[in-house]
Amino acid sequence: GNSNVIGVTTTEGFYVGMPLSGNPNIPNGAVVTSIIDAHTFTISSPATANGANTSTIYGGLSRLAINGTGTLTLPNYSVVATNSFASLSMNGDGGITGPLFNFGSPTAQSNVILTAANAITVVNDNLGSTPTITSSAPALSMLKLSNANPVIDVSGLSPQGLIIAVPLDSTGGGQIQKTGTGALVLSGTVASPLTNGLRISAGSVIFDNTAASNAYGTGPIVLEDGVSILAGTAARTVSNPITVNGN
């Protein structure tokens, strides 16, 4: 028989619209149409059922890891480009520079989508440098977290755990949650949409974006108990509605 419902070990890293390959029972051109749960999703074209077939579905996305002084730089795109990954981890464990994810110098829109719930995980124990996500053309760069409940977890010994210097957005319908005891620095010169806002559940966020208005979008910012917010290199204006749920 045929079925549009597919079972896998895990759907982490899958997203709606993602093309599938690697299984002879799934038609060419089939894409994910919905994520049902952690082990089940639907596809656009019925698969041929075969109880004896255990071949792999290649749909999961790469988990990027940048350690030490490592750097990942995207091409300088001249046409609109979107790169999708499951997640990004950065480990600052020594060196004169920290891990760097660089959008490069695109002349057309360059999007990076992280699909996993634990979208970004950073541990920075290097007091001399900070893991950074940046671009030489921030107005043409966008970091999007597409999970319904995306998490940015920052920890480590350094007072600055992660600098995000490109526009940041949540496209999965939920609110970005900052976890971990470290500090997340929202920097750059172009405003972040931050659709649905930001929930700071642990640690701190340093606001240091220099955009003239709505530097952090217009969504709500929620402060849970025990967290802190700070200005960066100068006094900054945060115009978002703020809810304080603790001390």
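None of the values given here were measured: they were computed from a predicted structure.

What counts, and where the lines are drawn
- Residues numbered from 1 in each chain as written.
- Predicted model: local features only at pLDDT ≥ 70, side-chain atom pairs only at ≥ 80, totals over all residues.
- Heavy atoms only, no water.
- Pairing = 2+ DSSP bridges.
- Helix = DSSP H or I, 4+ residues; strand = E, 2+ residues; numbered from the N terminus.
- Axes fitted to C-alpha atoms, helices over the stretch in contact; angles between N-to-C directions.
- Polar contact = N/O pair within 3.5 Å; in protein donor to acceptor, adjacent residues only side chain to side chain.
- Patch = residues over 30% accessible without salt bridge, like charges linked within 9 Å, V, L, I, M, F, W, Y side chains within 5 Å.
- Areas by Shrake-Rupley, 256 points an atom, 1.4 Å probe, with all protein chains shown as cover.
- Salt bridge = Lys/Arg side-chain N within 4 Å of Asp/Glu carboxyl O.
- Buried < 20%, exposed > 50% of the residue type's maximum accessible area, 1.4 Å probe, protein only.
- Phe/Tyr/Trp six-rings, centres within 6.5 Å; stacked < 30°, edge-to-face > 60°.

S.K.: Now, about the sheet that holds strand β12 (residues 141-145): what can you tell me, with residues and values included?
M.R.: Read across the open sheet, the 4 strands follow the order β6-β9-β12-β15; overall the sheet is parallel. Both outer strands of the open sheet, β6 (81-85) and β15 (168-170), are each paired with one neighbouring strand and no more. Pairwise comparison of adjacent strand axes, ignoring direction, gives a mean angle of 20° for this sheet.

S.K.: Break down the environment of N147 for me, citing the residues and quoting the values.
M.R.: Locating N147 in the fold gives a position in the loop between β12 and β13 (151-155). Linking N147 and Y15, residues 132 residues apart in sequence, is a C-alpha distance of 8.2 Å. A distance of 2.9 Å separates the side chain of N147 from the backbone nitrogen of N149, its partner in a polar contact.

S.K.: Quick one: what's the story with a nonpolar patch on the surface, residue by residue and with numbers?
M.R.: Residues I229, I242 and V244 make up a contiguous nonpolar surface patch of roughly 250 Å² in combined accessible area. Within the secondary structure layout, I242 lies in strand β22 (residues 242-244). Take I242: its relative accessible area is 40%, and that puts it in the partly exposed class.

S.K.: A description of the packing of aromatic side chains should follow, citing residues and the corresponding values.
M.R.: Counted by the stated rule, this structure contains 2 aromatic pairs. A ring pair is formed by F207 and Y216, whose centres lie 4.8 Å apart and whose planes are at 70°; its orientation type is edge-to-face. Judged by relative accessible area, which is 3%, F207 ranks as buried.

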